[in-house]
Every structure is written in C-alpha cells, then in structure tokens.
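Summary of structural features
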Amino acid sequence: MSRGPIRNATGDAFFAWDGDVLVVNILGKPSAGKDAIGKPKGTQLKVSVTATPRGGKATDHMLHFLAPLFGVAVADIEVVFGRENVNKQLRIRAPTKLPAVFAQPLA
C-alpha cells in the first residue's frame with residue numbers, strides 16, 4: 001500500500017521554520033551577471049550567483065553571498081541537498097535578519 005508522496009519540509013511555501021532554524025528551498029542560477037536574491041517561484045526562492053557550477057563552487061559562493069544577508073556565519077548554513085544541483089535546500093541556524101522577500105505575504 002502506497003503512503004503517497006513525502007511532503008516537503010516547507011509545505012507550499014519556499015521557506016519554513018524548524019525551531020530557530022530557517023529552512024529554505026532554493027532554485028539556483030549559476031554564472032549569472034550578478035549575485036542576487038530573486039522572487040519566489042512556486043516552492044523555491046530564486047538565487048543567482050556569478051560563480052560557475054563546477055564541483056559545488058557555485059553553492060559555496062551562494063553561501064558566502066547569503067550569510068551576511070541573514071546575519072549568520074557561513075558555518076551556520078547547512079546544505080541539506082543539492083550541493084551540485086540548481087535545486088537545493090538550506091538550513092540557516094538562528095538568522096538575525098531576513099531579506100525583504102521573506103516579509104512578503106504568501107500568495
């Protein structure tokens with residue numbers, strides 16, 4: 001008997017809280033013109049980085065770009081899955097600030 005699909009940790013949103021940990025689903029865009037946080041696309045947040053996608057370098061660059069925006073150290077961001085994929089999930093431990101896109105009401 002099938003149990004059905006496993007529900008995403010963030011449900012229908014691109015982020016969710018797990019205690020003081022922020023869980024964020026990312027749709028990465030490597031080799032972009034600039035580092036930037038885009039708009040949510042479904043259950044993912046678009047994040048562009050200038051780094052090329054070789055051996056996880058774009059993901060490492062993304063973590064260094066995102067850490068100050070959340071007021072955390074790079075070590076406080078865990079890549080749950082997608083280190084070498086455009087689809088990834090991050091766990092950000094105890095962020096002290098949030099980029100503006102997190103304050104927008106969910107549609």
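Residues numbered from 1 in each chain as written. Predicted model: local features only at pLDDT ≥ 70, side-chain atom pairs only at ≥ 80, totals over all residues. Heavy atoms only, no water.

**As for the overall build of the protein**
- Scanning the protein for helices and strands turns up one helix and six strands.
- Reading the helices (α) and strands (β) of the protein from amino to carboxyl end gives β-β-β-β-α-β-β.
- By residue count, 38% of the 107 residues in the protein fall in the buried class.
- Expressed as a percentage of contacts within the protein between residues at least 6 apart in sequence, the contacts between residues at least 24 apart total 46%. (Helix = DSSP H or I, 4+ residues; strand = E, 2+ residues; numbered from the N terminus. Buried < 20%, exposed > 50% of the residue type's maximum accessible area, 1.4 Å probe, protein only. Contact = heavy atoms within 4.5 Å.)

**Thoughts on the pairing of strand 3 (residues 36-41)**
- In terms of strand pairing, strand 3 meets strand 4 (residues 44-48) through four bridges, oriented antiparallel. Pairing of Ala36 across the sheet is with Ser48, part of strand 4.
- Counted along the chain from strand 3 to the antiparallel partner strand 4, the turn is two residues long, and its residue Gly42 has a positive phi close to 65°. (Pairing = 2+ DSSP bridges.)

**Digging into the nonpolar core**
- Counting residues in each nonpolar core, the largest one holds 22 residues, and the members touching the most others are Val24, Leu66, Ile77 and Phe102.
- Elements with a contribution of two residues or more to this core: strand 2 (21-29), strand 4, helix 1 (57-70) and strand 6 (87-93).
- The element best represented in this core is helix 1, accounting for seven residues.
- Beyond its immediate stretch of four places on either side in the chain, Ile77 contacts Leu63, Leu66, Ala67, Val72, Leu90, Arg91 and Ile92. (Core = buried A, V, L, I, M, F, W, Y, C linked by side-chain atoms within 4.5 Å.)

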